[in-house]
Each structure stands twice: as structure tokens, then as C-alpha cells.
Amino acid sequence: MHALIRKSAGAVAYVRANSQFIHISTTSTAPSIKQTGLYGYHHLKTAKGFQRFVDDAIDRSEELVKYIAGMPSSPQIIRAMDEISDTVCSVIDSAELCRHTHPDREFVDEASKASLRVNEFLHYLNTNHCIYKAVIKAEKDSNSLTHEAQRAARFLRMDLEKGGIHLCSEKLDRANELSIDIIQLCREYNENIIADPGHVDIFPASKIPKKLHHLVSPIYRNLPGASKGSWGSRDSVKEKGFRLVTESSTLQGFLQCAPDAGVRKEAYIQGNSVPHANLEVLDKLIATRHEFAQLMGYKSYAEFALHSTMAASPDVVMSFLLEMSKVVRPKADQEFEAIQDFKKKSSGDPSGELEPWDEAYFTWLMKSAAYKLDSSVIGSYFPLRQCIEGLKVLVESLFGVTFHGVPLALGESWHPDVMKIVLHHPTEANLGYLYLDLKSRKGKHPICAHFAIRGGRRVSETEYQLPVVALVCNFSGSSLAPVRLNHSEVETLFHEFGHALHSLLSRTEYQHFSGTRVVLDFAETPSNLFESYAWDYRVLKTFAKHYSTGDIIPKELVESLVGAKKMFAATELQRQIFYALVDQTLFGEQPATGRDTIAIVADLKREHTSWTHVDGTHWHTRFSHLTNYGAGYYSYLYAKCFATTTWQRMCHENPLSLDTGLALRTKFLQHGGAKDPADILNDLVGSGIVRSCNGGIIPDITSLCKEMKLLKC
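Residues numbered from 1 in each chain as written. Predicted model: local features only at pLDDT ≥ 70, side-chain atom pairs only at ≥ 80, totals over all residues. Heavy atoms only, no water.

Comments concerning the overall build of the protein
Then step 1. A tally of regular secondary structure across the protein gives 25 helices and twelve strands.
Then step 2. Here the C-alpha atoms of the protein give a radius of gyration of 26 Å, agreeing with the 27 Å that 2.2 N^0.38 yields for 713 residues.
Then step 3. By the burial criterion, 57% of the 713 residues in the protein qualify as buried.
Then step 4. Sequence separation of 24 or more characterises 74% of the internal contacts of the protein that already satisfy a separation of 6 or more.
Then step 5. Roughly 29500 Å² of accessible area belongs to the protein as shown, and the carbon and sulfur atoms make up 51% of that amount. (Helix = DSSP H or I, 4+ residues; strand = E, 2+ residues; numbered from the N terminus. Rg over C-alpha atoms; globule rule 2.2 N^0.38 Å. Buried < 20%, exposed > 50% of the residue type's maximum accessible area, 1.4 Å probe, protein only. Contact = heavy atoms within 4.5 Å. Areas by Shrake-Rupley, 256 points an atom, 1.4 Å probe, with all protein chains shown as cover.)

Encoded structure:
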């Protein structure tokens, strides 16, 4: 549903119609020794509580719809609409977090049912003409609304129209059917990724060095023996081998360190050829989204998805991507040639061609040789506990807030590994709550993500509903083997924490704009900005300490990490441009006859990267961003440009100063989606961070080009 959901949130309440502020009775998130339910919601003491959670959300929303149908004042309409959004989001967000993280299958199943029920109810809300008329009334009566309320009215009206409320009843019914189909196809696509990660059986065991044994499982096969047993039958000899499950992160780690080229090839092909079922699912998703977009009056799903973003159209996005592709190509080609030369020299085969399964292995060898990197040494400075301390240092230094654990109430948590953190300001009191669920475990979705359980919003003249979010990662370790992160994982942790800070520090009137509820191509900017903190020695030395000696990470090691990062930066940027081009093309205009997605991906790879496509592979069938960022993956590149400019102009000189934090909070993070993103960026760093392009907005790429020393910049 577009009109009432902008990424997530929640809280149950009642209306007092004769007040400008609708009084909300919310559940306190203050520490309590009393029993509660999951995430502090009393309904969720048991899995079946999701049913009641949905029932109450629907009942409350229907009461609010009746209230809105009575055409109260414009401010009351907007506030009631926001309460509906808040109420419904509380269910959807809780269900999504539960589906991805809860170890109890009953909870996962009930959460899935709840999510589907609420999404069906959202289609009813999206087709309610009383709501539509009230929103139009509020938008026209703009003189009585604050600037944020005016923006909310405009976005609510546009988003209702995105749901098809302006269509005739026959087309609207079809649009609703297609919307439900899209949700189910996206879910099926992502479930297939988990259910079918693929695997490779490798014999003999000697092909796998000991340092990779933690990524594989031992297996055995029978070989005919040479002697006969006492009963005249032939004995069997057991040969040991290893099974590699080719889940994405495991595969990447394996390819980086596996010395046998044949084994790398086998693992690469298998890992990039699953799940096969998603070829059909993706075809259906593309067709369904395309039909939906055409019902809405658009030429393609990409045009439908982008018309309310900063970019405004697929033409603007494609012009940006093609410009980036052209700029990065010369340096990416140079990097490819350097890797190929290294392979030829190290293998002693001057005719040896560089293959896609070689990239991770030889680039790691080159980085290690140039900078003497040792993954075990690097990890020794990043125990998970110290990395959490780094997040604490960050918020205390930048924003002057404390960051400490609070007790979890009985029933509030979903696993013993979960921690609860409160952000507390000395003069503003508590700012919000953060759950940390960072360790991998069986049955947990292998993702790193930020979930907004409840959005912030003004509920009365004196009361503000505090945001509650969860930061979920999948770092390997156990109580017997404490988690130590590689630097890439540290960067991931800071990335997701950037999202969390956006939610926790925003102070919007309406939850509709809280935190990450922003236009698609602005959402990744805070997360990309906070990645930079994970690379700065001035930041790392405050928390990166050796797990046994307590020694601070050496500056030389950090410099080596930064140097290694820059070695193949153009290749990585080129890869991201390629991903974005795949996303745009698959959801762009469709021919009358169907298209072969494998052929599309192969052609784009040949045209826009320095690498070849491997026949028989279909990497894109487990690229989950095609579901949750359909036609929007380019937003990561937008964010990379915005974040690089912001870092260089605002943060680089003194990244941990209170002045830097004050500017980031008051000019950027606190506004969520309540202000135009171009205005936020210009106010934060001054002019030159964005530029106009054919009716849309694209990032200025100058800062990124300078940082990466790209040609023609």
C-alpha cells in the first residue's frame, strides 16, 4: 500500500475529535519487569497474538476512516490519516521483523499470515473514496496546515493515486489483484533464495585448505576396495570430501581464498545458477508489475516507480548511469588488466585468461601482497563487543547522547542474543530505542538490515512518540567462539547504523515522514555517509582494540585497509552501475513478446563491465533488490555521490566533533522525509551537491570522481 505506508512503523490509539491533536494512548517502552509481548506489544505474548494484533489494527483504522468521512478540519484529517498509518505499520513492521529473525516457526508463520491480511486491508483503504475526498479537501485547504502537513497531504493524495483510486471500478479491482500478486511473487522470490542456496561437493578433501574448513562441511563417498571381505563381498573405502553451501556471503569468502581454479569455477557457476525457480518467478514479477504500471497510465514499471522520486523518470536515471559507466570504464579496464597480468605471472601461464571466478581470489592476493593484509590479524581488532562500543562513541561524540543497554522485559525479546539500547540526551531525555540482533544462527534470514518497528511522531502538544528500531546483521560466531568482524562487516554495521540513526534522530510531526520514510533515491544517503566513519583512523582508534592485549589498532594497518580498498574501487563502482542498469532494464519498457532475462543481464555485463558473462549462470535470480528496490537500485549510487560530497565538505576535517554532529542532526537527520531532499542537501553542504537534468535531479559526481581519481574529472 502506497498511501499509508512509507517503509514502516506503529502504535494503537483512539481519537478525540474536538482537538487539533488526536489523543493517542501508546504502550510505554520504558524498562519494565512486567511481562509484555514481542517488541513491547502486549498482543504478541504468543504467536497467535498476531491475529488479535491485526484485528485491533483493522478495527481502529475503520473507526478512523468513519471519523475522516465526517470531514473534520484539514489538520485533523491529516493527523487521523497518520494515525491509521501508524496503527497499520505497527503490525506490518513487527511481522516483517519477526519473519526474518524469530527462531520459533509458529511465530514466523503467524507473522506471515498477519502481513498478508494487513496488506489485503490496505487495498481496501487505498480504494476508499471517502479517504481520497478528505485528503483532497485537506490539500486544497493548505492555509490551515503547517508546511509538513501540506507536504503530507500532497504525498497522501499522490500515493492514493498510485494505488489506482482514480481508476474505474473494473480497473481498480484488477489493480488490487495485481498488487497482491506482486507481494506474493516478491515473497516467493526471496523465500526461494533461502530455500535453494545451492551446493558443491568437492573431492578429494585435500583440495580445500584448512583455512576454509569453517565454510564447508565434511562428506564421504564410497570407493570400491581392492580386497574381498570374509563373506566374499567387496569392501568399500570411504573418501572424504567437503560440501560448500553456495549462499552468497559464504561463496564470496570461499572464492577469495580457494587456491584451486577448478574448484573456484565449480563453486562460482553453481552459486550463480540458483535458485533456478526464480527465473520463472522473476518473469511473472516483471510482467505483473508492467501490467500494473500500464493500468496506472505509465509506459513501464520504472516510470511508475520513479515519477515521485528525485530522479523523476527512467530517462534521467539512465542518463546518470550511462554517464557514470563512461566515466568509470577507463580506470576499471586498467584494473582488469592489472589483475590479468598478476594472474599470468603468478600462475606461470602467459596465455591464461582472467575469468569471473578469479576476481575475488586474485584481487585479495594482490591486496595482501601490496599491503601485507592478514584477515585474522584484522579481525583481532574488531571483536563485536568493541564494535558496539564504537557505535556508542559515535553517538556520544557527534550528538552528545548516551548509548547504553536497558533490561528487556519478559517476552519482549525473540532470542537471547538480542540487546536493547536507549539513546538518551541530557536535556531532551530519551530519543529512541534500538534492538541489536547481530549474530548469525540457524533459521535466521541471512541479511543485514534496519527495521523500523515504530516511527516517531507528535501525538500531542507535549508528547512525542519515540521511535523504536531494530538493527539486524548476520555475523558468524558463538559463545564459545566470540564474534570478530572483518573490516567489510564493520563497514556493514556502520551502514545499517546510519539507517538506524536516521530513524532514531528524526523529529517529524507525522510518522509518515519519520526517519527512513523518504523518497527512494534519498534513503541510502545516511547509511553511505556513516560507512565513511568505519574507514577513518580517528574514529577507529576510539574502539578498535585487540581482543586479548587491548592494544589500539595500528594506524599503519588502517592505512593499509584504506589502500587496499582503493586498489579496485573502479571495478566495484562499475559493478554497482551494472546492477543498477540491470534493475532499470528489467523493469523498463517491455516488448510485445517476452524477454530472456539471462540474455539481458549477459548483454549488459559485456557492454558495461570489463568482465565476461559465464554461460549457464543467472546471478540475478538471487538479487533480492529486484523485489524491494524494483527500478530503484540506482539510489545506492545517488547516495554514494551525496555521501561523498557531504563527508568531504562537512565531516572530513573533524568527523567526531559536536559541531559536525549538530549540523548533521539539525539540517539532515531530524527532518526524515518532511522536507524536500534537495533542500536538505543544499542546506547541509551548500550548492553543488545536486544538479538538474531533464526535469529531474541527479547528484553532482565531482567529489566522487576526485576521491576515486577517475579520468575526465
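Digging into the nonpolar core
Then step 1. Tyr39, Phe382, Phe399, Leu434, Phe497 and Tyr533 are the most contacted members of the largest nonpolar core, which totals 195 residues.
Then step 2. Among the elements that line this core, the one with the most residues is helix H2 (residues 74-101), at eleven residues.
Then step 3. Once residues lying within four places of it in the same chain are set aside, the contact partners of Tyr533 are Leu394, Leu398, Phe494, Val539, Trp647, Cys651, Pro655, Leu656, Thr660 and Leu664.
Then step 4. Counting 19 residues, the second-largest nonpolar core is a separate cluster that includes Ile208, Phe254, Leu255 and Ala267. (Core = buried A, V, L, I, M, F, W, Y, C linked by side-chain atoms within 4.5 Å.)

Considering the packing of aromatic side chains
Then step 1. Within this structure, the stated rule accounts for 33 aromatic pairs.
Then step 2. Between Tyr298 and Phe304, the ring centres sit 5.6 Å apart and the planes meet at 70 degrees, which makes this aromatic pair edge-to-face.
Then step 3. Centroid distance Tyr629 to Tyr636: 5.4 Å. Interplanar angle 45 degrees. Geometry classified as tilted. Each of the two residues, Tyr629 as well as Tyr636, counts as buried. (Phe/Tyr/Trp six-rings, centres within 6.5 Å; stacked < 30°, edge-to-face > 60°.)

Some remarks on the sheet that holds strand S10 (residues 468-475)
Then step 1. The strand order across the open sheet formed by five strands is S4-S5-S6-S10-S7, and the pairing between neighbours is mixed. Edge positions in the sheet fall to strand S4 (402-405) and strand S7 (449-454), since each of these pairs with one other strand and no more. Mean inter-strand twist for the sheet, computed between neighbouring axes without regard to direction, equals 25 degrees.
Then step 2. Relative to strand S6 (residues 429-439), strand S5 (residues 419-425) runs antiparallel, the two being bridged by seven bridges. Looking at S6, one finds that His425 is bridged to Ala429. (Pairing = 2+ DSSP bridges. Axes fitted to C-alpha atoms, helices over the stretch in contact; angles between N-to-C directions.)

With respect to the pattern of salt bridges
Between side chains of opposite charge, pairing is possible as soon as their charged atoms come close.
Then step 1. Tallying each qualifying case throughout the model produces 34 salt bridges.
Then step 2. Across the pair Glu161 and Arg157 runs a salt bridge whose closest N-O atoms are separated by 3.3 Å. Pair noted here: Glu161 and Arg157 are both in helix H5 (residues 147-162), with a separation of four residues, about one helical turn.
Then step 3. Looking at Glu161, the relative accessible area reads 24%, which means it is partly exposed.
Then step 4. Put simply, Glu291 and Arg174 hold a salt bridge, and the shortest N to O gap is 2.9 Å. In this pair, Glu291 is assigned in helix H9 (residues 277-295) and Arg174 in helix H6 (residues 169-195), connecting sequence segments 117 residues apart.
Then step 5. Residues joined in a network through salt bridges with shared partners are Lys48, Glu110 and Lys113. (Salt bridge = Lys/Arg side-chain N within 4 Å of Asp/Glu carboxyl O.)

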